[in-house]
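# Secondary and tertiary structure notes
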2 protein chains.
Amino acid sequence: MFVCESSDGDTRTSGMKPYQSLLLTRHDVSSLLKFEEYVIAVEEAFRLHAAGKATKPGLLHVDSTEGEFHIKAGGLKLRKQYFALKVNGGFFHNAARFGMPNIQGLVVLFDGENGYPLAVMDSREITSKRTGAATAVAAKYLARPDSKTATIFGCGVQGRIQLRALTSVLPIQTVYAVGRNQSKLKDFQREMSEELGLRVELVEDATIILKRSDVCVTCTPSRKPILNAQDVAPGTFIAAVGADSPDKQELDPELLRRNKVVVDILEQCALVGELHHALDKGMRREEVHGELGEIILGKKTGRVSPEEIIIFDSTGTSLQDVASAAAVYEKALEGGRGEGFDFYK
Amino acid sequence: MFVCESSDGDTRTSGMKPYQSLLLTRHDVSSLLKFEEYVIAVEEAFRLHAAGKATKPGLLHVDSTEGEFHIKAGGLKLRKQYFALKVNGGFFHNAARFGMPNIQGLVVLFDGENGYPLAVMDSREITSKRTGAATAVAAKYLARPDSKTATIFGCGVQGRIQLRALTSVLPIQTVYAVGRNQSKLKDFQREMSEELGLRVELVEDATIILKRSDVCVTCTPSRKPILNAQDVAPGTFIAAVGADSPDKQELDPELLRRNKVVVDILEQCALVGELHHALDKGMRREEVHGELGEIILGKKTGRVSPEEIIIFDSTGTSLQDVASAAAVYEKALEGGRGEGFDFYK
């Protein structure tokens with residue numbers, strides 16, 4: 001038996017003992033929550049943040065041997081007050097050296113009113129899906145609704161998720177895939193065209209196809225700009241997904257200075273996002289149009305003309321993690337999934 | 001079967017699958033590591049930190065509903081490269097409202113070379129014991145070796161651990177217990193005099209007995225000074241243990257300005273320790289004598305005269321957590337303890 005909510009959604013049944021935390025495997029997590037459910041959870045998380053109903057999110061990077069640990073922590077009042085801490089190791093030689101994932105970790109979900117660890121779960125599914133979900137939400141508000149052509153820089157796991165995210169909210173028909181590794185690009189082309197029934201073209205020179213793209217996603221580990229201001233066509237929506245630490249960068253800072261910039265969390269983007277580099281080049285924080293949540297909430301406008309270029313600086317936030325982990329946890333409780341473990345015994 | 005080290009202590013056996021993380025309950029943790037073993041682990045952790053062999057420790061506080069989460073993260077090269085993340089909820093109405101611990105949480109121990117989560121364990125035992133262990137190590141280097149009289153401010157769980165820590169390294173015979181709650185003080189007196197065979201006296205006015213104390217520990221949740229500079233006798237060793245967030249304070253800043261100050265980690269004490277308040281009152285960082293690890297390593301002197309007052313500012317560090325969690329983990333592997341769980345399945 002694991003800890004479970006009383007039927008009225010209130011914190012916990014009184015006298016409930018023994019305490020148990022719910023353990024969820026990667027498969028549990030992936031089978032419990034559909035992508036559309038991530039999108040709903042993530043949109044609600046940004047909305048609550050903008051409405052002042054989230055705790056101030058925390059971010060911590062700690063270096064390790066040839067790698068690093070990224071820690072994201074934050075709380076949200078959903079059916080109950082939740083707090084989640086995600087720790088992801090980023091070790092970019094793992095696949096080659098150990099046959100292990102390069103990015104891996106755990107999410108610990110707590111009761112935000114008393115600190116009890118409700119669940120410990122694999123983080124990979126949540127990290128990738130909630131990142132895609134943010135792009136889906138941003139594209140819904142910021143891309144032209146008739147967007148048919150998408151360019152994807154970086155065609156790994158996240159590239160696939162980003163493309164699925166775009167197709168979930170936009171009538172995408174043609175995809176330009178940009179990347180260095182030809183064999184990976186071909187895999188992407190075959191898999192995505194089959195799965196989504198789209199025309200996927202592999203591209204070496206992105207400058208040509210960018211002029212024909214309605215939407216562009218960058219999701220690479222790049223440390224210098226791969227997308228130049230002069231190459232982007234009017235009306236494009238750009239989701240910059242790769243940068244999540246101060247040394248990562250995908251966009252020409254000029255792109256941000258000249259156009260409408262929407263961020264996931266302003267403080268965080270100023271620290272580790274594309275915004276960070278633009279601020280270094282003289283852009284001011286006040287020039288940022290707003291946070292995604294403010295647009296969802298209607299405090300700020302979304303797209304107001306088919307001509308404007310809009311950039312979404314997506315650093316990945318604890319808001320997305322806590323909302324997703326809470327949704328997974330509630331689904332697991334409903335379905336009797338996972339294993340209970342009493343850490344307090 | 002859980003992940004296990006190869007016999008040469010090297011990272012992991014090749015082809016080892018399925019991955020399993022080791023889950024350890026509070027009882028597992030408390031039965032696996034003796035207090036003396038915490039002292040050894042903690043002394044080594046501070047030594048490695050001073051020798052530049054620890055990763056830069058990270059600290060994060062996130063507020064929640066009527067409580068907060070404290071996150072500490074850091075890595076150490078021991079038998080292997082470890083990284084640990086501890087998240088503790090601090091909810092000071094828990095005991096009264098829910099019959100739950102006020103401070104509770106988990107430690108996640110990772111392989112520092114590839115980010116694999118080696119173990120998830122209850123944090124309470126580690127938090128309290130490693131805090132006591134730091135005092136034991138500090139007292140060994142900084143108290144007069146003939147210290148016979150100790151004053152303890154705050155006689156809860158940590159007060160007991162602190163007293164045990166002092167008696168493990170000093171010939172303490174008499175203890176003055178200072179606190180507000182008379183019934184808790186009497187419990188402390190009865191339990192500690194029985195367990196340690198000491199004379200324990202309950203004290204209302206600390207000013208008198210401080211002049212007769214060789215050692216003084218403050219471990220209260222106080223938010224203003226409870227120990228004044230003019231009350232402390234020459235030669236006293238003071239361990240200030242309570243302050244671990246910017247709003248907590250136990251010592252008169254004058255005490256720090258006038259005397260020899262040793263810190264656990266300088267950066268952290270400047271942020272959340274007693275030092276933080278002294279810096280606010282005009283003390284300069286350069287006036288701090290050194291970090292505990294520098295004294296252990298011999299880079300800085302310890303006590304050089306029986307007259308000097310020495311203050312140890314103990315904020316509690318991830319160094320202590322990672323060293324303790326690694327020691328618990330290695331002992332569990334040796335003894336076949338704990339339960340395996342495959343989060344990656």
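Structure: above.
Everything numeric in this text was worked out from a predicted model, so none of it was measured. (Residues numbered from 1 in each chain as written. Chains lettered and ligands numbered in written order. Predicted model: local features only at pLDDT ≥ 70, side-chain atom pairs only at ≥ 80, totals over all residues. Heavy atoms only, no water.)

Residues and elements named next belong to chain B. It is the contact of helix 2 (residues 35-50) with helix 4 (residues 124-142), at a shortest axis distance of 8 Å, that shows an interaxial angle of 70°. The angle between helix 2 and helix 4 falls in the class roughly perpendicular. In this structure, helix 2 crosses over helix 4, and the sense of that crossing is right-handed. Of helix 4, the residues touching helix 2 (which contributes Phe 35, Tyr 38, Val 39, Val 42, Glu 43 and Phe 46) are Glu 125, Ile 126, Lys 129, Arg 130, Gly 132, Ala 133, Ala 134, Ala 136, Val 137, Lys 140 and Tyr 141. Across the contact of helix 2 with helix 4, the residue classes break down as 11 nonpolar, one polar and five charged. (Axes fitted to C-alpha atoms, helices over the stretch in contact; angles between N-to-C directions. Helix = DSSP H or I, 4+ residues; strand = E, 2+ residues; numbered from the N terminus. Parallel < 35°, antiparallel > 145°, perpendicular 65-115°, else oblique. Left-handed = near helix turned anticlockwise from the far one by under 90°. Contact = heavy atoms within 4.5 Å. Nonpolar A, V, L, I, M, F, W, Y, C, P; charged D, E, K, R; others polar.)

Overall, the coordinates contain 14 aromatic pairs over all chains when judged by the stated rule. Centroid distance Phe 341 of chain B to Phe 343 of chain B: 4.8 Å. Interplanar angle 70°. Geometry classified as edge-to-face. Relative accessible area serves as the criterion here: at 5%, Phe 341 of chain B is assigned to the buried category. Judged by its relative accessible area of 1%, Phe 343 of chain B falls in the buried class. Over the ring of Tyr 344 of chain B we find Arg 124 of chain A, and its NZ or CZ is 4.5 Å from the ring centre. (Phe/Tyr/Trp six-rings, centres within 6.5 Å; stacked < 30°, edge-to-face > 60°. Buried < 20%, exposed > 50% of the residue type's maximum accessible area, 1.4 Å probe, protein only. Lys NZ or Arg CZ within 6 Å of the ring centre and 35° of its normal.)

Turning our eyes to something else, we now look at unusual backbone geometry. The residue Glu 66 of chain A is not glycine, and still its phi comes out positive at about 50°. Within the fold, Glu 66 of chain A resides in the loop between strand 2 (58-64) and strand 3 (67-77).

Okay, the relation of the copies chain A and chain B next. A rotation about an axis combined with a shift along that same axis relates the two copies of the chain. Overlaying chain A with chain B gives an RMSD of 0.0 Å, the required rotation being 180° about an axis along which the chain moves by 0.0 Å. The operation mapping one copy onto its partner corresponds to a two-fold rotation axis. Among all residues of chain A, the one whose C-alpha sits closest to the rotation axis is Leu 60 of chain A, at a distance of 3.4 Å. Mapped onto chain B, 100% of the interface residues of chain A again fall at the interface, so both copies present the same surface. (Least-squares fit on C-alpha atoms with pLDDT ≥ 70 in both.)

Attention now moves to the sheet that holds strand 2 (residues 58-64) of chain B. Whenever strands of a sheet pair, they do so through backbone hydrogen bonds, lying parallel or antiparallel. All names here are of chain B. The strand order across the open sheet built from seven strands is 2-3-4-5-6-1-17, with neighbouring strands paired in mixed fashion. Taken across any chain shown, the strands that pair with only one partner, and hence form the sheet edges, are strand 2 and strand 17 (339-341). Across the sheet, the mean angle separating the axes of adjacent strands is 20° when strand polarity is ignored. Pairing geometry for strand 1 (residues 21-24) and strand 17, over three bridges, is antiparallel. Within the sheet, the bridge partner assigned to Leu 23 lies in strand 17 and is Glu 339. Sitting on the sheet, helix 4 is in contact with strand 3 (67-77), strand 4 (81-90), strand 5 (103-111) and strand 6 (117-122), with an inclination near 80° to strand 6. (Pairing = 2+ DSSP bridges.)

Below, the discussion takes up the nonpolar core. In this structure, Ile 71 of chain A together with Ile 71 of chain B are the most contacted members of the largest nonpolar core, which totals 177 residues. Not counting the four nearest positions on each side in its chain, Ile 71 of chain A is found in contact with Gly 58, Leu 59, Leu 60, Val 62, Leu 85, Lys 86 and Val 87 of chain A together with Ile 71, Ala 73, Phe 83 and Leu 85 of chain B. (Core = buried A, V, L, I, M, F, W, Y, C linked by side-chain atoms within 4.5 Å.)

So, about the pairing of strand 8 (residues 174-178) of chain A. Residues and elements named next belong to chain A. Of all five residues in strand 8, five are buried; the element is thus mostly enclosed. Where burial is concerned, the two faces of strand 8 agree: the one with Thr 174, Tyr 176 and Val 178 and the one with Val 175 and Ala 177 are both buried. Note that the unit made of strand 7 (residues 149-153), helix 5 (residues 157-169) and strand 8 has a crossover that is right-handed. Taken together, the five bridges between strand 8 and strand 9 (residues 199-203) define a ladder with parallel strand orientation. (Right-handed = clockwise from strand over helix to strand, strands pointing away.)

Interfaces are often sized by the amount of accessible area the parts lose when they come together. On the side of chain B, 52 residues touch chain A, which itself brings 52 residues to the contact. Taken together, the two surfaces of chain A and chain B that pack against each other cover about 4,200 Å², and 70% of this comes from carbon and sulfur. Sorting the residues of chain A by area buried against chain B places Asn 114, Phe 343 and Tyr 344 of chain A first, and these three jointly supply 14% of that buried surface. Applying the counting criterion to the chain A and chain B interface returns zero salt bridges. Each residue belonging to the side of chain A that touches chain B can be placed in one class, and the counts come to 26 nonpolar, 15 polar and 11 charged. (Buried area = accessible area lost by both parts, 1.4 Å probe. Salt bridge = Lys/Arg side-chain N within 4 Å of Asp/Glu carboxyl O.)

Let's shift gears to the sheet that holds strand 9 (residues 199-203) of chain B. Residue and element names in this part refer to chain B. Sheet architecture is open: eight strands sit in the order 9-8-7-10-12-16-14-15, paired in parallel fashion. The strands lining the two open edges of the sheet, one partner per strand, are strand 9 and strand 15 (290-291). The pairing of strand 7 (residues 149-153) with strand 8 (residues 174-178) spans five bridges and is classified as parallel. In the strand pairing of strand 8, Ile 152 is matched with Ala 177. This element, helix 6 (residues 182-196), spans strand 8 and strand 9 of the sheet and lies at about 170° to strand 9.

Moving on, we come to the environment of Leu 22 of chain A. Mapped onto the elements of the fold, Leu 22 of chain A is located in strand 1 (residues 21-24). Between the C-alpha atoms of Leu 22 of chain A and Phe 312 of chain A, which are 290 residues apart in sequence, the distance is 35 Å.

Count 3.6 residues to each turn of an α-helix, and residues three or four apart come out pointing the same way. Residue and element names in this part refer to chain A. The terminal C-alpha atoms of helix 6 (residues 182-196) lie 21 Å apart, and with 15 residues this matches the ideal 21 Å at 1.5 Å per residue to within 8%. Residues of helix 6 that are buried: Leu 185, Phe 188 and Met 192. All buried residues of helix 6 lie within an arc of 55° about the axis, which places them on one face of the element. Close packing links the buried residues of helix 6 with helix 5, strand 8 and strand 9. Looking one or two places after helix 6, you find Gly 197, whose phi comes out positive at around 65°. (Expected span 1.5 Å × (residues − 1). Arc of directions from axis to C-beta.)

Geometric descriptors of this kind do not, in isolation, establish any biological role.
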